[in-house]
Amino acid sequence: MFLAALLIATTCFASAGSTAESQALALYTAIHKQNWKALYYLAAFSPTIKKSLPTPDKFASDVQKGIDQGGNSKVVKDLFDSMRNIRMGKAQIKGNRATVPTSADLSVQGSTKH
C-alpha cells in the first residue's frame, strides 16, 4: 500500500538544529495534513532522482493526482485525516542515519487501530 511504503521507506533530510525525532514528526505531520509540498522538502532523494524531480508545486500536484487516480482516494484521505496520537520513540543513530520508532492511532472503518 502507498501509505505503508511511504512511511517505512521515506528518508528525511535533517535541518540544522533538528533532531531525528523532530524530523520524523514533521514527516508524519506532512502526511497527516496531506501537505505533499512539505513532503517534497522533507524527503531525501538521491542526486540522480533530485535532478529529475519537478518543482515542489508540481510534485505536490502529482502526488495528489496519484492518490486521486488510485481508486481509493476517499479511503486514503480518511486514513490520513484520522491519524491521531502520533508518537516518536528515541532515535537510534548510526553515522549519518537514524532509525526512529514511530506509532500513531488510525481509524479504519470506524475502528481505531494503534
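Scroll up to find the structure this text is about.
From a predicted model like this one, the values you see are computed outputs, not experimental measurements.

Conventions we followed
- Residues numbered from 1 in each chain as written.
- Predicted model: local features only at pLDDT ≥ 70, side-chain atom pairs only at ≥ 80, totals over all residues.
- Heavy atoms only, no water.
- Helix = DSSP H or I, 4+ residues; strand = E, 2+ residues; numbered from the N terminus.
- Buried < 20%, exposed > 50% of the residue type's maximum accessible area, 1.4 Å probe, protein only.
- Contact = heavy atoms within 4.5 Å.
- Core = buried A, V, L, I, M, F, W, Y, C linked by side-chain atoms within 4.5 Å.
- Arc of directions from axis to C-beta.

A. Looking closely at the overall build of the protein. Helix and strand content of the protein: 6 helices and 5 strands. Taken across its 114 residues, the protein has 25% of its residues classed as buried. Looking at the protein alone, contacts between residues at least 24 apart form 48% of all its contacts between residues at least 6 apart.

B. Structural detail: the nonpolar core. Within the largest apolar cluster, 14 residues are counted, with the highest numbers of intra-cluster contacts made by Ile31, Trp36, Ile67 and Phe80. Going through the elements one at a time, helix H2 (20-32), helix H3 (36-42), helix H5 (56-69) and helix H6 (73-81) are the ones with two or more residues in this core. No other element matches H5, which puts 4 residues into this core.

C. Region of interest: H6. When H6 is considered as a whole, its buried residues turn out to be Val76, Leu79 and Phe80. Take H6 and look down its axis: the buried residues cluster within an arc of 95 degrees, on one side only.

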